[in-house]
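One-letter residues, chain by chain:
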Amino acid sequence: MRKSVFVLVGLSFMLYNSLYQYSWNAVYPLLLHRFDTRELSLIFSTFVVVSSVAQVVMGLVADYLSVRLTALFSAIAASLGWLLSSFVTDFYTFMGVWALGSFGEGSLYGVAVNLVGKWFPERRGFYIGLVSLGFGLGGFIANPWILSQRSYAFVALVLGLVGLLTVVPLSTLVRYPTGLTGRTPLKTVSDLGFWLIYSAFVISTLPLLLLSSSLYLFVKGTYVETLAITLFPLASGLGRPLFGRISDSLGRPKSLIIAMLMEALGVLTFLEGPELKLLGTIIIGVSGGALLTLFLTLVTDFFGARYSTSNTAMLYTGKALTGVVLASLQALETPLLAYFAFPLLGISLIKGAQRVERQVG
């Protein structure tokens with residue numbers, strides 16, 4: 001089987017995964033018929049935490065045992081999360097079903113990224129970005145249809161069946177190349193450079209996660225509401241291969257710094273009226289989406305491809321921590337302007353990680 005097939009498989013996984021995060025703003029008003037805003041906030045937080053933990057657990061299974069079984073289990077779980085939630089109205093049961101789907105989504109995300117990261121080391125940034133394009137593109141494709149519907153049950157039933165009929169069969173094609181080298185997860189977490197990268201990841205992605213969870217509330221009732229919700233996942237998706245390609249030439253750290261500066265600018269733009277909020281949505285979408293790809297690629301560059309599913313999964317747990325930090329900031333009613341500082345702090349941490357890795361090298 002030609003390795004180009006793995007690009008299509010990984011892209012398909014990401015298109016489906018996208019629905020859990022980038023279609024949240026589209027299903028949000030449909031779920032308001034079942035749950036209140038506090039409960040919906042907890043459901044989204046459950047997704048962030050469980051999907052992050054899933055990457056670590058199943059990343060180890062993929063690297064040490066079988067990536068194919070990992071992909072198959074993850075595809076089934078992600079599909080059942082949608083399918084079963086279509087029948088559930090009780091809050092706690094819904095949380096359990098959503099946790100199952102989130103576990104599958106997180107694990108499948110890790111497989112998709114590392115599938116191309118391992119097979120295409122010479123253009124790792126571009127191919128990880130290309131596959132990650134699906135993580136925004138899926139929401140862009142699905143959201144107009146979701147926004148036109150009145151029943152969450154019907155939407156979730158359709159999305160669940162789509163996963164079972166397409167993503168599950170594709171998961172049986174997955175395999176990793178042999179003969180790779182790299183640091184084990186234990187050695188990676190013993191490296192100061194990894195924790196500097198981890199800290200930068202946590203704080204610099206706060207603006208992106210803020211919009212992922214609350215964009216609907218920011219633009220609700222304005223004439224840009226539907227357009228912003230539709231364009232946000234597309235912008236996030238397009239930023240990934242664009243910055244991935246740039247990073248293959250310019251280098252990962254420099255590309256990360258450019259993306260963080262853009263994201264900070266996007267926060268400032270988001271402070272004004274509907275037109276500038278729409279512009280800010282696009283800027284944060286492009287730059288924030290790029291950050292996810294660049295961070296995962298940087299970890300594979302620094303620590304090798306052999307255990308990259310596990311190593312990038314440990315980095316991705318930072319998304320759960322970002323969710324906790326975001327929830328705390330929102331509980332404290334932190335002004336939006338404060339989010340301007342987080343990407344700038346991330347820049348200093350990335351520079352620190354560069355210095356550490358140069359000394360190690």
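K.L.:
Account for the overall build of the chain, with residues named and values stated.
P.N.:
Scanning the chain for helices and strands turns up 15 helices and zero strands. At 19 Å, the chain has a C-alpha radius of gyration in line with the 21 Å of a compact globule built from 361 residues. Each principal axis of the C-alpha distribution contributes one length, and for the chain these read about 55 × 45 × 30 Å. Looking at the chain as a whole, 59% of its 361 residues qualify as buried. Contacts in the chain between residues at least 24 apart in sequence constitute 85% of all its contacts with a sequence separation of at least 6.

K.L.:
How would you summarise the pattern of salt bridges if you had to cite specific residues and measurements?
P.N.:
Scanning the model with the defined rule gives five salt bridges in all. Taking the shortest distance from any N to any O, the salt bridge between Arg124 and Asp301 comes out at 3.1 Å. Of this pair, Arg124 sits in helix 6 (residues 124-147) while Asp301 sits in helix 13 (residues 274-303), and the two are 177 residues apart along the sequence. With a closest N to O distance of 2.7 Å, Arg252 and Asp301 form a salt bridge. A residue pair is termed long-range when its members are at least 10 positions apart, and Arg252 in helix 12 (residues 252-269) and Asp301 in helix 13 qualify at 49 residues. Arg252 gets classed as buried once you look at its relative accessible area, which sits at 10%.

K.L.:
Break down the packing of aromatic side chains for me, with residues and values.
P.N.:
The full count for this structure, using the stated rule, is 33 aromatic pairs. Seen in terms of ring centroids, Trp82 and Tyr152 are 6.5 Å apart; in terms of plane orientation they differ by 35°. Their pairing is tilted. Of the two residues, Trp82 sits in helix 4 (residues 67-85) while Tyr152 sits in helix 7 (residues 152-171), which places them 70 residues apart along the sequence. Seen from the ring of Tyr176, Lys118 lies directly overhead, with NZ or CZ sitting 4.7 Å from the centre. Directly above the aromatic system of Tyr307 lies the positively charged group of Arg306, at a separation of 4.5 Å from the ring centroid.

K.L.:
For the packing of helix 9 (residues 192-204) against helix 13, give the residues involved together with the corresponding values.
P.N.:
How two helices pack is summed up by the angle between their axes together with the distance between the axes. Orientation of helix 9 relative to helix 13, taken along the N-to-C sense of each, is 175°, at an axis distance of 11 Å. Between helix 9 and helix 13, the angle falls in the class roughly antiparallel. Each of Phe194, Ile197, Ala200, Phe201 and Ser204 in helix 9 lies in contact with helix 13, whose residues at this interface are Leu291, Leu292, Phe295, Leu298, Val299, Phe302 and Phe303. Of the residues that constitute the contact of helix 9 with helix 13, the class distribution is 11 nonpolar, one polar and no charged.

K.L.:
Help me get a handle on the nonpolar core, residues and values and all.
P.N.:
Nonpolar side chains in soluble globular proteins tend to be buried together. Ranked by internal contacts, the top residues of the largest apolar core, which has 110 residues, are Trp82 and Phe295. With near-sequence residues (within four places) excluded, Trp82 lies in contact with Tyr16, Leu19, Tyr20, Val27, Trp98, Tyr152, Ala156, Leu159 and Gly160.

K.L.:
Give me the environment of Thr184: which residues, what numbers.
P.N.:
As for its placement among the helices and strands, Thr184 is situated in the loop between helix 7 and helix 8 (185-189). Judged by its relative accessible area of 24%, Thr184 is partly exposed. Here the alpha-carbon distance between Thr184 and Thr89, two residues 95 residues apart in the chain, equals 43 Å. Beyond its immediate stretch of four places on either side in the chain, Thr184 contacts Tyr64, Tyr307 and Asn311.

K.L.:
Lay out the side chain of Arg252 in plain terms, naming residues and giving numbers.
P.N.:
Polar side-chain contacts of Arg252 include one of 2.8 Å to the side chain of Asp248. Among the polar contacts made by the side chain of Arg252, one reaches the side chain of Asp301 at a distance of 2.7 Å. When neighbours within four sequence positions are excluded, Arg252 is seen to be in contact with Gly125, Gly244, Ser247, Leu294, Thr297, Leu298 and Asp301.

K.L.:
So what's going on with helix 2 (residues 24-31)? Residues and values would help.
P.N.:
By the criterion of burial, helix 2 is predominantly enclosed, with seven of the eight residues buried. Among the residues making up helix 2, those that are buried are Trp24, Asn25, Ala26, Val27, Tyr28, Leu30 and Leu31.

K.L.:
An account of the environment of Arg240 is requested, with residue identities and associated values reported.
P.N.:
Relative to the helices and strands, Arg240 resides in helix 11 (residues 225-250). Taking the C-alpha atoms as reference points, Arg240 and Val48, 192 residues apart in sequence, are found 20 Å from one another. Beyond its immediate chain neighbours, meaning those up to four positions away, Arg240 contacts Tyr22, Tyr109, Gly129, Ser132, Leu133, Phe135, Gly289, Ala290, Leu292 and Thr293. At 3.3 Å, the side chain of Arg240 forms a polar contact with the side chain of Tyr22.

K.L.:
Can you tell me about a nonpolar patch on the surface, naming the residues and giving the values?
P.N.:
A cluster of nonpolar side chains, namely Leu242, Ile246, Leu250 and Ile258, defines an oily patch on the protein surface of about 310 Å² accessible area. Here the nonpolar patch takes three residues from helix 11, the largest share from any one element. Relative to the elements of secondary structure, Leu242 occurs in helix 11.

K.L.:
Break down the packing of helix 4 against helix 7 for me, citing the residues and quoting the values.
P.N.:
Packing of helix 4 against helix 7 brings their axes to within 6 Å, and their N-to-C directions diverge by 165°. Classified by the angle between their axes, helix 4 and helix 7 sit roughly antiparallel to one another. Between helix 4 and helix 7 lies a crossing of left-handed hand. Here Arg68, Ala71, Leu72, Ala75, Ile76, Ser79, Trp82, Leu83 and Ser85 of helix 4 come into contact with helix 7, specifically with Tyr152, Ala156, Leu157, Leu159, Gly160, Leu161, Gly163, Leu164, Val167, Val168 and Ser171. Looking at the contact of helix 4 with helix 7 residue by residue, the class counts come to 14 nonpolar, five polar and one charged.

K.L.:
Quick rundown of unusual backbone geometry? Include the residues and the values.
P.N.:
Here the phi dihedral of Glu333 falls at roughly 55°; this positive angle occurs in a residue that is not glycine. Tracing the backbone through its elements, the reader meets Glu333 in the loop between helix 14 (308-331) and helix 15 (341-360). Judged by relative accessible area, which is 68%, Glu333 ranks as exposed.

Parameters at a glance
Within each chain, residue numbers correspond to sequence positions counted from 1 in written order. Note on the predicted model: pLDDT of at least 70 is required for a residue's local features to be given, and 80 or more for side-chain atom pairs to be given and counted; whole-chain, interface and lining totals, by contrast, use all residues. Remark: hydrogens and water are excluded; side-chain values derive from all non-hydrogen atoms of the structure. Only runs of H or I of at least four residues qualify as helices and only runs of E of at least two qualify as strands under DSSP, and these elements are numbered from the N terminus. For a compact globule the rule gives 2.2 Å times the number of residues to the power 0.38, and the radius of gyration it is set against comes from C-alpha atoms. Relative accessibility thresholds used throughout: buried, under 20% of the residue-type maximum; exposed, over 50%; partly exposed, between the two (1.4 Å probe, protein chains only). A contact between two residues is defined here by any heavy atoms of the two lying within 4.5 Å. Definition used for salt bridges: Asp or Glu carboxyl oxygen within 4 Å of a side-chain nitrogen of Lys or Arg. Classification of ring pairs uses Phe, Tyr and Trp, with its six-membered ring standing for Trp, and accepts pairs whose centres are within 6.5 Å; under 30 degrees between planes counts as stacked, over 60 as edge-to-face, and the remaining range as tilted. The criterion is that NZ of a Lys, or CZ of an Arg, lies within 6 Å of the ring centre and within 35 degrees of the ring normal, and then a charge sits over that ring. Fitted lines through C-alpha atoms serve as axes, helices being fitted only where they are in contact, and the angles separating the N-to-C directions of these axes extend from 0 to 180 degrees. Orientation labels follow simple angle bins: below 35 degrees gives roughly parallel, above 145 gives roughly antiparallel, 65 to 115 gives roughly perpendicular, and whatever is left gives oblique. Only Asp, Glu, Lys and Arg are considered charged in this grouping, and only Ala, Val, Leu, Ile, Met, Phe, Trp, Tyr, Cys and Pro are considered nonpolar; every other residue, Gly among them, is considered polar. Nonpolar core, defined: a set of buried Ala, Val, Leu, Ile, Met, Phe, Trp, Tyr and Cys residues in which side-chain atoms within 4.5 Å join the residues together. Between N or O atoms, a polar contact is any pair within 3.5 Å; within protein, one atom must be a potential hydrogen donor and the other a potential acceptor, and residues adjacent in sequence are included only when both atoms are from side chains. Patch building starts from residues that exceed 30% relative accessible area and form no salt bridge, then joins like charges within 9 Å and nonpolar side chains (Val, Leu, Ile, Met, Phe, Trp, Tyr) within 5 Å. All accessible areas in this document rest on Shrake-Rupley with a 1.4 Å probe, and a residue is counted as covered only by the protein chains that are shown. Left-handed is the label given to a crossing in which the near helix is rotated counterclockwise from the far helix by less than a right angle, and right-handed is the label when the rotation is clockwise.

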